[in-house]
Amino acid sequence: MKIIKLSITVLVLISYTACSQNNSLQHVDFLIGTWKKEGKESYESWVKKDDKFQGQSYKIKDGQKFVSENIEVTLVGDQIMYTPTVFNQNDGKGIPFTLKSLEENLFSFENPKHDFPKKIQYKILNSNELYVSVLGEKDKGFSYKLMKQLD
């Protein structure tokens, strides 16, 4: 009987730890800063403001900044939400993606009802490199590496 009680206690603690890992914005602190796409003049820039993270994807051409999307990472209830708003798409409304897995430095934001992408994944390679995958049906899509820029 003691083994059963101990097993139940351990399972409850593991479940609580797993749930609490998914509902803290601290886990996405790695995004803060400016990131450059490998081999391109494309960037993602992130700041933490109040109780959310705000990001932008943009390109630099002829010294000018051209923003293509705004992104927010927020806590909604007990879920971490990644919401990109791409200019000239979806009537200017953001598309919400829920953090579905957070393991081994891989953050998978998912929305299976969206046409494309269905998943946006950030994998932390090290403190200065991220690998981003934008995936659709059967996990087909594209990926790229981001390198942290010195501010």
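Conventions we followed
- Residues numbered from 1 in each chain as written.
- Predicted model: local features only at pLDDT ≥ 70, side-chain atom pairs only at ≥ 80, totals over all residues.
- Heavy atoms only, no water.
- Helix = DSSP H or I, 4+ residues; strand = E, 2+ residues; numbered from the N terminus.
- Buried < 20%, exposed > 50% of the residue type's maximum accessible area, 1.4 Å probe, protein only.
- Contact = heavy atoms within 4.5 Å.
- Areas by Shrake-Rupley, 256 points an atom, 1.4 Å probe, with all protein chains shown as cover.
- Pairing = 2+ DSSP bridges.

### Notes on the overall build of the protein
Then step 1. When its secondary structure is counted, the protein shows one helix and ten strands.
Then step 2. In the protein, the order of α-helices and β-strands from amino to carboxyl end is α-β-β-β-β-β-β-β-β-β-β.
Then step 3. In the protein, which comprises 151 residues, the share counted as buried stands at 32%.
Then step 4. Taking contacts inside the protein between residues at least 6 apart in sequence as the whole, the part at least 24 apart equals 27%.
Then step 5. With the model as given, the accessible surface of the protein reaches about 9900 Å², and the carbon-plus-sulfur share is 53%.

### Thoughts on the pairing of strand β7 (residues 106–110)
Then step 1. Pairing analysis gives five bridges linking strand β6 (residues 97–103) to β7, with the strands arranged antiparallel. Within β7, the position partnered with T98 by the bridge is E110.
Then step 2. What sits between β6 and β7 in their antiparallel hairpin is a turn of two residues, with E104 showing a positive phi close to 45°.
Then step 3. Taken together, the five bridges between β7 and strand β8 (residues 119–126) define a ladder with antiparallel strand orientation. If you follow F107 over to β8, its bridge partner there is Y122.

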